Amino acid sequence: MSQSHAQLIDKYAELTIKAGLNLQAGQQLLITAPIEAVDLVRRVTHHAYQAGATLVTTLFNDEQAALMRYQLGQDASFDAAPGWLFNGMAEAFRDGKCARLAIIGEDPALLSGQDPEKLSRANRARSRAYKPVIELITTFTTNWCIISAATPSHARNVFPGLPEEQAMAALWQAIFKCTRADQPDPVAAWAAHSAALHARVKRMNEKRYAALKYKGPGTDFTLGLVDDHVWAGGGSVSRNGILCNPNIPTEEVFSMPHRERVDGVVRSTKPLSYQGSLIDGIEVTFEKGRIVKGTAAKGADVFRKMIETDDGAARLGEVALVPHSSPISASGIVFNETLYDENAASHIAVGQAYAQNMAGTAEMSAEEKLAKGMNTSLVHVDWMIGSGELNVDGVFKDGKTEPLMRKGEWVD
Ligand code: ZN
Ligand code: ZN
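A look at unusual backbone geometry
Negative phi characterises most residues that are not glycine, and trans characterises most peptide bonds.
Then, in step 1: Of note, the amide linkage connecting I248 to P249 takes the cis form, showing an omega dihedral of 10°.
Then, in step 2: In this fold, P249 is placed in the loop between strand 8 (243-244) and strand 9 (253-255).
Then, in step 3: The backbone of R180 sits at a positive phi, close to 65°, despite the residue not being glycine.
Then, in step 4: In the Ramachandran plot, K288 falls in the positive-phi region, its phi being about 50° despite a non-glycine side chain.
Then, in step 5: For K288, the position within the fold is in the loop between strand 12 (277-287) and strand 13 (290-298).

The following block contains the structure:
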């Protein structure tokens, strides 16, 4: 049985509306997408209206235009950001009546080779202006979802040896497989997968580990969890009461590191794309939660500037465990896109923590959250540290340990 590309795109779009967003009748939907993804956007829009959406608004972006800013923009351009647009987006999400879909698929190396100083200024200006939006997203004020679309530039980046048409076909095939869109009933497949992640989350929450201990090539560190940490994964109920799957695909269970309790050395195992620049071969040393020494084999300037964004950018805001046998890892493809690569391997993220990963955050002041070890920053950047050679132990409050992962796989 072979399904046509158009059928698969349609199933993927339906999956996004039903399982990703769980869009409700009467909701609006805001989509951002690369212009090359217009065919997918149209099918998503079709399924959104079928689900009873009152209005679908799409903002298309064009990576060639993004590049022109670096080639032609005047100096003041690199401190500019469309705050008026982001404020409008925040207004849309604030009452939970507008859902948010981000379709990504830009060239991961679009801005590689541009002046790191300009990149850093532009990223900072954007992050600052985007803060009202990211706060509403990370606190799950509305139902949201991120998915990927194959675009010619991303496909060429992932499969440099293939002609564009074949590269596009290969990337779409990988996307359909990893998202389960190629299965007979993708929505049911996601319900089953999400239930399995919820079972793992429940087990992790019952353990009440004080810390995790990691050992792998170039990695030897201890990561303390906040005392009232909450493991999460799979579908989440947003504050407007809707169960959504914020990332498709997702394979992770994740929680909150204590911003002052991380010590040791960490080496990344896959490249990451940060705002159009590739960073690879990260090696850092943590002391009392802070990166005190850090370098990268590729994109070192961008990496250094990223962790200097603010104090929280050099501390951890997320810890996630992903088995090495995840379908994304099994695909053998390095996507150079965090949505996929972070679900191929256990990872950590510097920067902003997710409020859902600590009990009681809704009633806490910013000072209380900080005192309990929750990290805050303008950035949230995931990097992959998992591999088939990584061992992870759970550490209990009394110092006793037990094996949690061996050679990248769950022990039980
Ligand atoms: Zn994650
Ligand atoms: Zn993350």
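What to know about the coordination of the zinc ion (ligand 2)
Then, in step 1: Distances from the zinc ion (ligand 2) to its protein donors, namely E318 (OE), H380 (NE2), D382 (OD) and D382 (OD), fall within the range 2.0 to 2.6 Å.
Then, in step 2: In this structure, the zinc ion (ligand 2) is coordinated by four donor atoms arranged in irregular fashion, with angles at the metal of 55 to 144°.
Then, in step 3: In primary sequence terms, the donor set of the zinc ion (ligand 2) follows E-x61-H-x1-D.
Then, in step 4: Between the zinc ion (ligand 2) and the zinc ion (ligand 1), a spacing of 3.4 Å is present, and a bridge between the two is formed by E318.

Concerning the environment of A181
Then, in step 1: Considering the arrangement of structural elements, one finds A181 in the loop between helix 7 (164-178) and helix 8 (186-207).
Then, in step 2: With 31 residues separating them along the chain, A181 and L212 place their C-alpha atoms 34 Å apart.

Structural notes on the side chain of R315
Then, in step 1: Tracing the backbone through its elements, the reader meets R315 in the loop between helix 9 (300-307) and strand 14 (316-321).
Then, in step 2: From its side chain, R315 meets the backbone oxygen of R259 in a polar contact 2.9 Å long.
Then, in step 3: When residues no more than four places from it in sequence are discounted, the contact partners of R315 are R259, E260, K288, G289, R290, A349, V350, G351 and N375.

So, the layout of surface pockets
Taking a probe equal in size to a water molecule and rolling it over the atoms shows the remaining empty space.
Then, in step 1: Of the voids in this model, the second largest pocket is the one considered here, and its volume is about 600 Å³.
Then, in step 2: If you go around the second largest pocket, you meet 27 residues; those closest to its centre are T139, A355, T361, K369 and M374.
Then, in step 3: At the level of secondary structure, the elements contributing two or more residues to the lining of the second largest pocket comprise helix 5 (116-138), strand 7 (236-237) and helix 12 (366-371).
Then, in step 4: Considering every element that reaches the lining of the second largest pocket, the biggest residue donor is helix 5, with five residues.
Then, in step 5: When its residues are assigned to classes, the lining of the second largest pocket shows 13 nonpolar, 10 polar and four charged.
Then, in step 6: Both of domain 1 (5-178) and domain 2 (199-240 + 250-410) provide at least three residues apiece to the lining of the second largest pocket.

Here we look at the coordination of the zinc ion (ligand 1)
Then, in step 1: For the zinc ion (ligand 1), the protein coordination sphere consists of E252 (OE), E318 (OE), E342 (OE) and H347 (NE2), at 2.0 to 2.6 Å.
Then, in step 2: For the zinc ion (ligand 1), the four donor atoms in the first shell make angles of 70 to 144° at the metal, a pattern classed as irregular.
Then, in step 3: Donor residues for the zinc ion (ligand 1), ordered by position in the chain, follow E-x65-E-x23-E-x4-H.

A word on the sheet that holds strand 2 (residues 55-61)
Then, in step 1: The four strands lie next to each other as 2-1-3-4, forming an open sheet whose pairing is parallel. Bordering the open sheet on either side are strand 2 and strand 4 (144-148), each of which pairs with just one other strand. Pairs of neighbouring strands in the sheet enclose a mean axial angle of 15°, with direction left out of account.
Then, in step 2: In terms of strand pairing, strand 3 (residues 98-104) meets strand 4 through five bridges, oriented parallel. Looking at the pairing, I103 lines up with I147 of strand 4.
Then, in step 3: Strand contacts of helix 4 (residues 83-94): strand 1 (28-34), strand 2 and strand 3, with the helix running at about 130° to strand 3, the strand carrying the most contacts.

Structural notes on empty space enclosed by the protein
Then, in step 1: Per the stated rule, a full pass over the model turns up one cavity of 30 Å³ or more.
Then, in step 2: Approximately 110 Å³ is the volume attributed to the largest cavity.
Then, in step 3: Together, P116, L119, S120, N123, R124, S127, Y274, V302, K305, M306, T309 and V379 line the largest cavity.
Then, in step 4: Among the secondary structure elements, those contributing two or more residues to the lining of the largest cavity are helix 5 and helix 9.
Then, in step 5: For the lining of the largest cavity, the leading source of residues is helix 5, giving six residues.
Then, in step 6: Here the lining of the largest cavity is composed, by residue class, of six nonpolar, four polar and two charged.
Then, in step 7: Two domains each put at least three residues into the lining of the largest cavity: domain 1 (5-178) and domain 2 (199-240 + 250-410).

About the criteria used
- Residues numbered from 1 in each chain as written.
- Chains lettered and ligands numbered in written order.
- Predicted model: local features only at pLDDT ≥ 70, side-chain atom pairs only at ≥ 80, totals over all residues.
- Heavy atoms only, no water.
- Helix = DSSP H or I, 4+ residues; strand = E, 2+ residues; numbered from the N terminus.
- Donors = N, O, S within 2.8 Å, 3.2 Å for Na, K, Ca; no water.
- Tetrahedral: all angles 85-135°; square planar, octahedral: opposite > 155°, others 65-115°.
- Polar contact = N/O pair within 3.5 Å; in protein donor to acceptor, adjacent residues only side chain to side chain.
- Contact = heavy atoms within 4.5 Å.
- 1 Å grid on protein atoms, 1.4 Å probe; cavity = no way out; pocket = protein on both sides within 12 Å on 5 of 7 lines; lining within 4 Å.
- Points joined across faces, edges and corners; volume = space filled by probe spheres on them.
- Nonpolar A, V, L, I, M, F, W, Y, C, P; charged D, E, K, R; others polar.
- Domains from an automatic or database assignment.
- Pairing = 2+ DSSP bridges.
- Axes fitted to C-alpha atoms, helices over the stretch in contact; angles between N-to-C directions.

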